[in-house]
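Residue-level listing of the chains:
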Amino acid sequence: MPRSTALITGASRGIGAAIARGLARDGIRLVGIHYGHDRAAAEDTATRIRAGGATPVLIQADLARGAAAAAQVAAQWKDAVALHGHTGTDVLVSNAGINGAQSIGQLDTATYDRVLAVNLAAPTFLLHHLTDHLNDNGRVVAISTGYTRIAAPTHIAYTASKAGLEGVIRAVAPELAKRGITANSVAPGVVDTDINADWIDAPGAREHAESLSAFGRLGTSEDIADVVRYLAGDGGRWITGQTIDATGGTRL
Ligand code: NAD
């Protein structure tokens, strides 16, 4: 069952960019590259996708505006799909996220609201607006975190948002399955991307994070993108409502 169109949020860099490039290599013809403020990075992802023969579509929206931003992304994406002569969405990957690390004692409402808006409200309402646009046998993937099952005392809002997102995906899976559409979450461990820039270079931090994985290294964006590519392909047809651990065997 060929899939032709994919929308990936936060696809300008890191895991999202690797997913966009990987799906294009797998035969997706129209790739929606949503980004926030980093236009130059989004254009770089677009250039790589164009070089591979697929058509990129850039969609800007600040997901800190939550449901309103999701409506804007969905509308722009639907217009682009029609403009380029395609019908519907085959693959939707909600990848954009922020961590807003704070312990329970540090927690402030502004950070909490922002993290919940980007990580939970935006992907939930993006799926809401695109549900009727999803093609039969389509794929929905949300990027969660291993922290939903591994205690992370400094990530209260982050854990709440990602656990909520996994719950949304689990809840919608039976409804989408009636159309052959799968919906799953992928839960990475520590991956070597910009989201960790504020702590990974502190003395001993990288070595500690590496030691938590069974493989003794950090994950790469491609490690995660390859799991998404599997779920997005025909091989993923019998997996739905699940959270796939992609932490490299990370332990407490
Ligand atoms: P990253 O910081 O490189 O990428 C995050 C992406 O989200 C960027 O493209 C960024 O522009 C986008 N984004 C953030 N805030 C936004 C906003 N307000 N509006 C629009 N876009 C916004 O980090 P990454 O590691 O590639 O993160 C991708 C996903 O993986 C995130 O959901 C993150 O929570 C998850 N994750 C990452 C790790 C890790 O260690 N890197 C671990 C577990 C889960």
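In this report, the structure presented in the accompanying data block is examined. (Residues numbered from 1 in each chain as written. Predicted model: local features only at pLDDT ≥ 70, side-chain atom pairs only at ≥ 80, totals over all residues.)

Right, let's get into the nonpolar core. Counting 69 residues, the largest nonpolar core has Ile19, Ala20, Leu23, Val31, Ile33 and Val228 as its most contacted members. With nine residues, the top contributor of residues to this core is helix α4 (residues 109-130). Residues in contact with isoleucine 19, not counting those within four places in the same chain, are Ile8, Ala11, Val93, Asn95, Ala225 and Val228. (Core = buried A, V, L, I, M, F, W, Y, C linked by C-beta atoms within 7 Å. Buried ≥ 20, exposed ≤ 12 C-beta atoms within 10 Å, placed from the backbone. Helix = DSSP H or I, 4+ residues; strand = E, 2+ residues; numbered from the N terminus. Contact = placed C-beta atoms within 7 Å.)

What surrounds the ligand is a group of 26 residues, the closest being Gly10, Gly14, Gly36, Gly97 and Ile195. Considering each element in turn, the shell around the ligand owes the most residues, three residues, to helix α1 (residues 14-25). (Near = placed C-beta within 6 Å.)

Before going further, it helps to spend a moment on the sheet that holds strand β4 (residues 89-94). The strand order across the open sheet formed by seven strands is β3-β2-β1-β4-β5-β6-β7, and the pairing between neighbours is parallel. Strands at the two margins of the open sheet, each flanked by one partner only, are β3 (55-60) and β7 (243-246). On average, each strand axis in the sheet is inclined to that of its neighbour by 20°, with strand direction left out of account. Looking at chain direction, strand β6 (residues 182-188) and β7 are connected through four bridges and run parallel. (Pairing = 2+ DSSP bridges. Axes fitted to C-alpha atoms, helices over the stretch in contact; angles between N-to-C directions.)

Two quantities define a packed helix pair, namely the angle between the helix axes and the distance between the axes. The interhelical angle for the contact between α4 and helix α5 (residues 156-177), taken along N-to-C directions, is 15°, at an axis separation of 8 Å. Regarding the angle of α4 to α5, the classification is roughly parallel. Regarding α4 and α5, the two cross each other, and that crossing is right-handed. Between α4 and α5, the residues in contact are Thr111, Tyr112, Val115, Leu116, Asn119, Leu120, Pro123, Thr124 and Leu127 and Ala157, Tyr158, Ser161, Lys162, Gly164, Leu165, Val168 and Val172, respectively. Its residues assigned to classes, the contact of α4 with α5 shows 11 nonpolar, five polar and one charged. (Parallel < 35°, antiparallel > 145°, perpendicular 65-115°, else oblique. Left-handed = near helix turned anticlockwise from the far one by under 90°. Nonpolar A, V, L, I, M, F, W, Y, C, P; charged D, E, K, R; others polar.)

Here helix α7 (residues 221-232) spans 16 Å end to end across 12 residues, near enough to the 16 Å set by a 1.5 Å rise per residue. Among the 12 residues of α7, nine are classified as buried, and the element is accordingly described as predominantly covered. If you check which residues of α7 are buried, you get Ser221, Asp223, Ile224, Ala225, Val227, Val228, Arg229, Leu231 and Ala232. (Expected span 1.5 Å × (residues − 1).)

Mapping alanine 71 onto the fold places it in helix α3 (residues 67-83). Since 17 C-beta atoms lie within 10 Å of it, alanine 71 is described here as partly exposed. Remark: the alpha-carbon pair of alanine 71 and histidine 128, spanning 57 residues in sequence, is separated by 8.9 Å. With sequence-adjacent residues up to four places away left out, alanine 71 is seen in contact with Phe125 and His129.

Of all six residues in strand β2 (residues 30-35), six are buried; the element is thus mostly enclosed. Two strands pair when backbone bridges link them, and strand β1 (residues 5-8) and β2 are joined in this way by four bridges, in the parallel orientation. Pairing of leucine 7 across the sheet is with glycine 32, part of β2. What joins β1 to β2 is α1, and the crossover it makes is right-handed. Viewed along the sheet, the connection from β2 through helix α2 (residues 39-51) into β3 turns out right-handed. (Right-handed = clockwise from strand over helix to strand, strands pointing away.)

What follows is about the pairing of β3. Both β2 and β3 contribute to a ladder of six bridges, which runs parallel. Bridging across to β3, tyrosine 35 finds its partner in glutamine 60.

Attention shifts here to the packing of α1 against α2. It is the contact of α1 with α2, at a shortest axis distance of 9 Å, that shows an interaxial angle of 15°. Judged by the inter-axis angle, α1 sits roughly parallel to α2. By crossing handedness, the relation of α1 to α2 is classed as right-handed. Between α1, through Ala17, Ala20, Arg21 and Ala24, and α2, the contact on the second element is made entirely by Thr45, Arg48 and Ile49. Of the residues assigned to the contact of α1 with α2, the class counts are four nonpolar, one polar and two charged.

Attention now goes to unusual backbone geometry. The phi torsion at asparagine 137 lies on the positive side, around 65°, for a residue other than glycine. On the secondary structure map, asparagine 137 appears in strand β5 (residues 134-143).

The subject of this paragraph is the environment of leucine 107. Topologically, leucine 107 is positioned in the loop between β4 and α4. Along the backbone, leucine 107 and phenylalanine 125 are 18 residues apart, and their C-alpha atoms lie at a distance of 25 Å. Non-local contacts of leucine 107, meaning those with residues more than four positions away in its chain, are made with Gln102, Tyr112, Ile156 and Ala157.

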